[in-house]
Amino acid sequence: MMNYSKGIPERTVGLDLGDKRSFVVVLDRDGEEVQRRSLKTGKRAFERFFRRLPPSRVALETGTHAGWASRLLSGLGHEVIVANSRKLRLVYENKRKSDQVDAEYLARLARVDPKLLHPVQVRGPGAQADWTLLEARKQLVEARTDLINHCRGAVKKTGRRLSGCSTPAFSRRAWPEVPEPLREALRPVLETISDLSRRIREMDRLIEVKCEQEYPHTGVLRQIGGVGALTALAFVLRLERAERFAKSRQAGPFLGLIPGRDQSGDWDPGLPISKQGDRMMRCLLVTSAHYILGPFGPDCDLRRKGLGLIERKGGGKNAKKVAVVATARKLAVLMHHLWATGEEYDPFYNAGLQQAA
């Protein structure tokens, strides 16, 4: 829970971050404009300007520069609010949108009530570096998938198909099946796929080491069948603190795994999940849910509930999709609970309660 000073501050600053230049609007306690200017986006320019300001409430949006900028301004003694850009309809639906207008809206909203900005928590520099490792791995995996699909598509155009195999073994297994006329074109592609697989394995080993040495509390999460080092580390880095939520069930909405809502009067349609929060973390939880509900998933409460939901929904693809998302949401709640309490994982905890009752 993020706490902000009560009442209207003496100075409120709206900072619209741009890639090369940023715009600043400063308001006094009465909401009157004190200063409006453009700054070069960089640490030296920001430090030179904000060091001269008295302690102020500064509002800026999430984005590429939000992390280092918020840490810099906090270090200079300012109260920093990082606003959720997806929630700021007031900014994005404005017909006179510009950097100056955005900065002024940020300042005026922060002056009245910081909660209107839907503040987000910015990662520390160490956590940000480790999160970048996970993002880099994701980029390599996606690049490898694209190259594999390219090879399969190229071979299909000749009327043939490459045999199915595991992704790490693709380059080795596919080469003998590549038609002779395509070998000159696909050889460098297959070599690149092989190199990507090697680098991904190296990153996986690094993630394992980080979990054991720097994030030992991920071991509690890895007790759950289907949750490996990658998912456990991503979960810890995404939330950063177990105390972030007072109740574990808040983890589902935070990761966008609950249905959206558009209720008005008697109109309250069923909507897909909101998909708010981090997409990579949500995909990892869904992947774990697929494993839990798949043929190799271990017997546990999560699996039983998910399979029971598929049966109640009548089976089929749509029922499986609903069950996978529901299992991913329950998995997020369970992971937060284990992290917050440090309890040993009991795969049949709920089943035991029902049996006792």
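Before reading on, note that the structure itself is shown above.
The following refers to the structure shown. Given the structure is predicted, the values throughout are model-derived calculations rather than measurements.

Brief notes about the overall build of the chain
Within the chain, the secondary structure is distributed over 14 helices and 5 strands. Once the C-alpha set of the chain is aligned to its principal axes, its extents read approximately 70 × 65 × 50 Å. For the chain, with 357 residues in total, the buried portion stands at 42%. Across the chain, contacts joining residues at least 24 apart in sequence account for 57% of those joining residues at least 6 apart. Surface summary for the chain: the accessible area is close to 20300 Å², and the carbon and sulfur share equals 50%. Looking at the chain, you have 62 positive and 41 negative side-chain charges, and the mean spots of the two groups are 3 Å apart.

A look at unusual backbone geometry
Leaving glycine out, the prevailing phi sign among residues is negative, and the prevailing peptide bond configuration is trans. A positive phi angle, near 50 degrees, is found at H118, a position not held by glycine. Along the chain, H118 falls in the loop between helix 4 (99-112) and helix 5 (125-156).

Considerations on the packing of aromatic side chains
Applying the stated criterion to the full structure yields 5 aromatic pairs. Their ring planes at 85 degrees and their centres at 5.1 Å tell us that F49 and F50 sit as a pair that is edge-to-face. Among the residues examined, F50 registers a relative accessible area of 0% and is labelled buried. With a centroid separation of 5.2 Å and 65 degrees between ring planes, the pair formed by F245 and F254 is classed as edge-to-face. With a relative accessible area of 12%, F245 lands in the buried category. A connected cluster of aromatic rings, assembled from ring pairs, spans F46, F49, F50 and W68. Its end group placed over the ring of W175, R183 keeps NZ or CZ at 4.4 Å from the ring centre.

Notes on the pattern of salt bridges
Per the counting criterion, the structure on display carries 16 salt bridges. Of the charged contacts in the structure, one is a salt bridge between E10 and R29, with a shortest N-O distance of 3.6 Å. Of this pair, E10 sits in the segment before strand 1 (11-16) while R29 sits in the loop between strand 2 (21-28) and strand 3 (33-40), placing them 19 residues apart in sequence. With a shortest N-O distance of 3.0 Å, K210 and D130 are connected by a salt bridge. Remark: D130 occurs in helix 5 and K210 occurs in helix 7 (residues 180-213); sequence separation between them is 80 residues. Assessed through its relative accessible area of 7%, D130 is described here as buried. By sharing partners, the salt bridges in this structure join E33, R36, E104 and R108 into a single network.

Calculation criteria
- Residues numbered from 1 in each chain as written.
- Predicted model: local features only at pLDDT ≥ 70, side-chain atom pairs only at ≥ 80, totals over all residues.
- Heavy atoms only, no water.
- Helix = DSSP H or I, 4+ residues; strand = E, 2+ residues; numbered from the N terminus.
- Buried < 20%, exposed > 50% of the residue type's maximum accessible area, 1.4 Å probe, protein only.
- Contact = heavy atoms within 4.5 Å.
- Areas by Shrake-Rupley, 256 points an atom, 1.4 Å probe, with all protein chains shown as cover.
- Lys, Arg positive; Asp, Glu negative; His and termini not counted.
- Charge placed at Lys NZ, Arg CZ, Asp CG, Glu CD.
- Phe/Tyr/Trp six-rings, centres within 6.5 Å; stacked < 30°, edge-to-face > 60°.
- Lys NZ or Arg CZ within 6 Å of the ring centre and 35° of its normal.
- Salt bridge = Lys/Arg side-chain N within 4 Å of Asp/Glu carboxyl O.

Honestly, that's just the spatial picture; any functional story needs more than this.
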